[in-house]
Amino acid sequence: MNRNQVRPQRRHATPSRIERVRRQAVPKPRVIIALLLLLGLVSVMLLDGYLRAEVGNDQRVRSDASASKVPDSVLDGGPFLSFQGGTARTRSVPDKTIVLTFDDGPDPEWTQKVLDILDDNDVPGTFFLVGSMISRYPDVVRRMVDDGNEVGVHTFTHVDLSYQSAARVTREIAQTQLALAGAAGITTTLFRAPYSSTNDAIDNYSWPVYKRLGAMGYTSVFIDTDSEDWQQPGVSKIIKWATPKSGKGASVLFHDAGGNRAQTLEALPQYIKKMKSKGYTFTTVSGAQQQTQGQQAQGQQAQGQQTQAPQGTPGTAGNTRQSNPEQAAHRTADTATLWEGRALLGAVAVAEWTVPGLAAVLAVVGVAVLGRFAMMLVLARRHYRQRNRRRFSWGPAVTEPVSVIVPAYNEKECIANTLNSLAASTHPIEIVVVDDGSTDGTAEIAESLGLPNVRMIRQPNAGKPAALNNGVRHARYDIVVMMDGDTVFEPDTVQRLVQPFGDPEVGAVAGNAKVGNRTTMIGAWQHIEYVMGFNLDRRMYDLLRCMPTIPGAIGAFRRDAVLGVGGMSEDTLAEDTDITIALHRAGWRVVYAEHARAWTEAPASLGQLWRQRYRWSYGTMQALWKHRKSVTDRGPSGRFGRVGMPLVVLFQIVTPVFAPLIDVFTVYAMIFVDFKASLLAWLAVLLVQMVCAGYAFRLDRERYRYLLMLPLQQIAYRQLMYLVLIHSCVTAATGGRLRWQKLKRTGEVGTPAPGTGVR
């Protein structure tokens, strides 16, 4: 060749090493979109689970621990603990004064009613709020602050901090402060630990936590009197237990969330009126502290009437809300903290709407999945009994010769096995090999076999649809069988495949494709999928007369029917689905011949499997979109649009796209809800699938030992197929295009033994 002569480029030219590395290193935008969608879903689920995991789990981790390291002055002191100047100091509530404190809120029902009671009786309260609840009900917190009540931190997830790391403690406080900032524009210097009570309950495990928070400027608030309303002992006992003795002041504990608070709501107004009649006044923690400070000596007044802002508390900046002394613990959040808090509330709002919405979708998907299983079992059994009756017949036996078209592109590993299997056919055939511009000597190998009735047609590389159309044009007989260049037939496959053409209404027949290389894990997974998913589905669709796809590995057609719909179209990547739907719309019947078996070489690696299924999924979507108007077709030709199209969209696109929710929610429930119940539910679904798979294997007379791979297939393989389908949906939504992709073959699927079907 002349140096200056331009070498023609082949369509399937191998890319350079640099180009391959570049393609592998730089993900395509649609891949990034799919991954971002998956990451977003996982993030939302984790956030929702984090919000719900600890709240309401009223059980302390540690109890009956020693208090040897806690100063006696703290154990015997008042309920307000601070560390001004690094020294632990406690303050008590002044006599004849009540500080109403409420834990575990806000709650959209009970807290609102508590606020109504406080407003009606013109008394303030101090609410120790759980951050996750603040994030979910910010409007309640906003009203709480606007009404003149004081708020404090009760951690973000209501966890016992005495058993947590320093980082977890800091995170619990900081996240709650952010939630407060987003909800009401403030932070606070008050803190109450979950499961805390009176000072003498402080132990060696919780004491370091209080010291650490005290160093940050927080005032830890305990109680003098516990109403124990959480036990729901009755209104009279709640009032009795909440009443301080001998006219002393008290920090009194009630709950405005965490359970049924009907008794609390009934007791609270009676309690307020009772205490007022005894001469008591009501204030907040800050109000009680300022009263105590006002009664102290002149030297102590230098400490000021405001609690020092906690060091490191988000957004404090020393800006105290001084307009109301009963809210002296509040700090105005700075701009950065305010927007961070709003972002947190926004994320929580998304999770609050998304997770229940996904749960509803999951219920629909679950019903659809179980409905599909039920339909497959019932209709497949009907199909089996109908086709295996002694008197069943398609009509007159089909004995005339047929044309077998074998499109081939670089099939040197497989072409000999394919042609040798056809040469053993018990039905008279001609073999038309269409070489689609192979560069590996495929045509030469085929010709060297010297098999009778084999014609070789060469064409420039133009793709599989063009090769099939070329073969149809050169076919000599009225019935054409189409197969892949990597597939082998059993000796009686063609004979069994063409018998349905004894019925003049039948325009095409789908055969039973089997995975030949099933000895590997990936091959075994695909074998289960072929038997259970594809062939059991085809039995169902056949009975409903809306077969969506004739597999490219094995299918037979009336030549006139193919030419009548314009041949194999290049409009989609799933030309087999495309022409099947076209034949339905042309009024032809498409049936399934389960006894006509072909053995195909399935992808042997995850990368090849991904490429194949990606093309299948995307091509199916293209075909459905192309024939979308079939839903309005009338008469027999519209049956696919009325029945088949909705079923294919529901069972092959919508349900599989959302089916991962079953697994996602199962993991979610195992981590955040009930591990045992969730695991049992997953195993129940697996059992249903095992029953369906077992029945499918029985119908196809397959060995049951492969079903041992089913649980692992559900965990690993099925997730891969979900990702492929989601990837295809993203490609379709973004207008992406795919081209044909050649899979690497090994030629390990050999000529089958007559009548055995054993590989």
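Residues numbered from 1 in each chain as written. Predicted model: local features only at pLDDT ≥ 70, side-chain atom pairs only at ≥ 80, totals over all residues. Heavy atoms only, no water.

A. Molecular detail of the overall build of the chain. Looking only at helices and strands, the chain has 24 helices and 20 strands in total. When the 759 residues of the chain are sorted by exposure, 54% land in the buried category. Taking the contacts inside the chain whose residues are at least 6 apart along the sequence as the reference set, 81% of them involve residues at least 24 apart. Of the roughly 33600 Å² of accessible surface on the chain, a fraction of 54% belongs to carbon and sulfur atoms. (Helix = DSSP H or I, 4+ residues; strand = E, 2+ residues; numbered from the N terminus. Buried < 20%, exposed > 50% of the residue type's maximum accessible area, 1.4 Å probe, protein only. Contact = heavy atoms within 4.5 Å. Areas by Shrake-Rupley, 256 points an atom, 1.4 Å probe, with all protein chains shown as cover.)

B. Up close: the sheet that holds strand β17 (residues 487–489). Spatial strand order, β15-β14-β13-β16-β19-β18-β20-β17: eight strands in an open sheet with mixed pairing. Only two strands of the sheet have a single neighbouring strand rather than two, namely β15 (454–459) and β17. With strand direction ignored, the average angle separating the axes of adjacent strands in the sheet is 30°. Note that strand β16 (residues 479–483) and strand β19 (residues 554–558) share five bridges and pair antiparallel. Bridging from a neighbouring strand, Met483 pairs with Ile554 of β19. With respect to the sheet, helix α19 (residues 575–585) is in contact with β18 (506–515), β19 and β20 (589–600), its orientation differing from that of β20 by roughly 155°. (Pairing = 2+ DSSP bridges. Axes fitted to C-alpha atoms, helices over the stretch in contact; angles between N-to-C directions.)

C. Quick look at the packing of helix α4 (residues 110–121) against helix α10 (residues 262–277). With their axes 10 Å apart at the nearest point, α4 and α10 run at an angle of 20° to one another. When the interaxial angle is binned, α4 and α10 end up roughly parallel. When the axes of α4 and α10 are compared, the crossing they make is right-handed. Every residue of α10 that contacts α4 at Trp110, Lys113, Val114, Ile117, Leu118 and Asn121 is listed here: Ala262, Leu265, Leu268, Pro269, Ile272, Lys273 and Lys276. Residue composition of the contact of α4 with α10, grouped by class: nine nonpolar, one polar and three charged. (Parallel < 35°, antiparallel > 145°, perpendicular 65-115°, else oblique. Left-handed = near helix turned anticlockwise from the far one by under 90°. Nonpolar A, V, L, I, M, F, W, Y, C, P; charged D, E, K, R; others polar.)

D. Geometry of helix α15 (residues 464–474). Counting buried positions along α15 gives nine out of eleven residues, so the element sits mostly inside the fold. Taken as a whole, α15 has its buried residues at Lys464, Pro465, Ala466, Ala467, Leu468, Asn469, Asn470, Gly471 and Val472. Tucked into the core, α15 has its buried residues touching β13 (402–408), β14 (429–436), β15, β16, α18 (559–564) and α19.

E. The arrangement of unusual backbone geometry in detail. The omega torsion across Gly105 and Pro106 is 0°, close enough to zero to call that bond cis. As for its position among the elements, Pro106 is in the loop between β3 (97–105) and α4. Notably, Asp104 is not glycine yet its phi reads approximately 80°, a positive angle. With a phi angle near 70°, Thr155 is a residue other than glycine that sits in the positive phi range.

F. Structural detail: the nonpolar core. By size, the foremost hydrophobic cluster in this structure holds 112 residues, and its most contacted members are Ile98, Leu100, Leu118, Phe254, Leu268, Tyr271 and Phe557. At 13 residues, the largest contribution of residues to this core is made by helix α12 (residues 335–387). Among all residues touching Phe254, those that are not within four sequence positions of it are Leu100, Thr101, Phe102, Asp103, Ser227, Asp229, Ile238, Ala242, Thr264, Leu268 and Tyr271. Ala553, Ala556, Val591 and Ala593 belong to the second largest nonpolar core, which has 36 residues in total. (Core = buried A, V, L, I, M, F, W, Y, C linked by side-chain atoms within 4.5 Å.)

G. Expanded view of the pattern of salt bridges. By the definition in use, this model includes 26 salt bridges. Among the ionic pairs, Glu529 bridges to Arg613, the shortest N-O distance being 2.6 Å. Of this pair, Glu529 sits in helix α17 (residues 521–544) while Arg613 sits in helix α20 (residues 606–626), and the two are 84 residues apart along the sequence. Comparing Glu529 with Arg613, the two get one shared label, buried. Close ionic contact of Asp571 with Lys626 constitutes a salt bridge, the shortest N to O distance being 3.0 Å. Here Asp571 is found in the loop between α18 and α19, whereas its partner Lys626 is found in helix α20, with 55 residues between them in sequence. Connected through shared salt-bridge partners, Lys514, Arg518, Arg539, Asp700 and Glu702 make up one network. (Salt bridge = Lys/Arg side-chain N within 4 Å of Asp/Glu carboxyl O.)

H. Up close: the packing of aromatic side chains. As enumerated under the stated definition, the model contains seven aromatic pairs in all. Measuring from centroid to centroid gives 5.7 Å for Phe83 and Trp207, while their planes differ by 45°, and the two rings are tilted. Pair noted here: Phe83 is in the loop between β1 (80–82) and β2 (89–91) and Trp207 is in helix α8 (residues 207–215), with a separation of 124 residues, a long-range link. Trp207 shares its class with Phe83; the two are buried. Aromatic rings pair up to connect Phe102, Phe127, Phe254 and Tyr271 into one cluster. Cation over ring: Arg342 sits above Trp339, and NZ or CZ is 4.8 Å from the ring centre. The ring centre of Trp625 lies 4.1 Å from the NZ or CZ of Arg628, which sits over that ring. (Phe/Tyr/Trp six-rings, centres within 6.5 Å; stacked < 30°, edge-to-face > 60°. Lys NZ or Arg CZ within 6 Å of the ring centre and 35° of its normal.)

I. Geometry of the pairing of β14. Counted residue by residue, β14 has eight buried out of eight residues, so it is predominantly covered. Every second residue of β14 is oriented toward a common face, with Ile429, Ile431, Val433 and Asp435 on one face and Glu430, Val432, Val434 and Asp436 on the other, all of them buried. Taken together, β13, helix α13 (residues 415–423) and β14 form a β-α-β motif whose crossover is right-handed. Sheet topology note: the β14/β15 ladder contains six bridges and is parallel. The residue of β15 that forms the bridge with Val432 is Arg455. For the crossover from β14 across helix α14 (residues 442–448) to β15, the handedness is right-handed. (Right-handed = clockwise from strand over helix to strand, strands pointing away.)

J. Examining a nonpolar patch on the surface more closely. Together, Met521, Leu712 and Ile715 give the surface a local cluster of nonpolar side chains, amounting to about 270 Å² of exposed area. Within the element layout of this structure, Leu712 appears in helix α24 (residues 710–733). What makes Leu712 partly exposed here is its relative accessible area of 37%. (Patch = residues over 30% accessible without salt bridge, like charges linked within 9 Å, V, L, I, M, F, W, Y side chains within 5 Å.)

K. Here's a closer look at helix α7 (residues 166–184). Taking 1.5 Å of rise per residue, the 19 residues of α7 would be expected to cover 27 Å, and the 27 Å separating its terminal C-alpha atoms lies within 8% of that figure. In terms of burial, α7 is largely enclosed, as 14 of its 19 residues are buried. (Expected span 1.5 Å × (residues − 1).)

L. Molecular detail of the side chain of Thr580. Examined against the element boundaries, Thr580 turns out to sit in helix α19. Residue classification places Thr580 among the buried positions, given a relative accessible area of 0%. Within polar-contact distance, the side chain of Thr580 engages the backbone oxygen of Asp576 at 2.6 Å. Apart from residues lying up to four places away in sequence, Thr580 is in contact with Met547, Pro548, Thr549, Ile550 and Val590. (Polar contact = N/O pair within 3.5 Å; in protein donor to acceptor, adjacent residues only side chain to side chain.)

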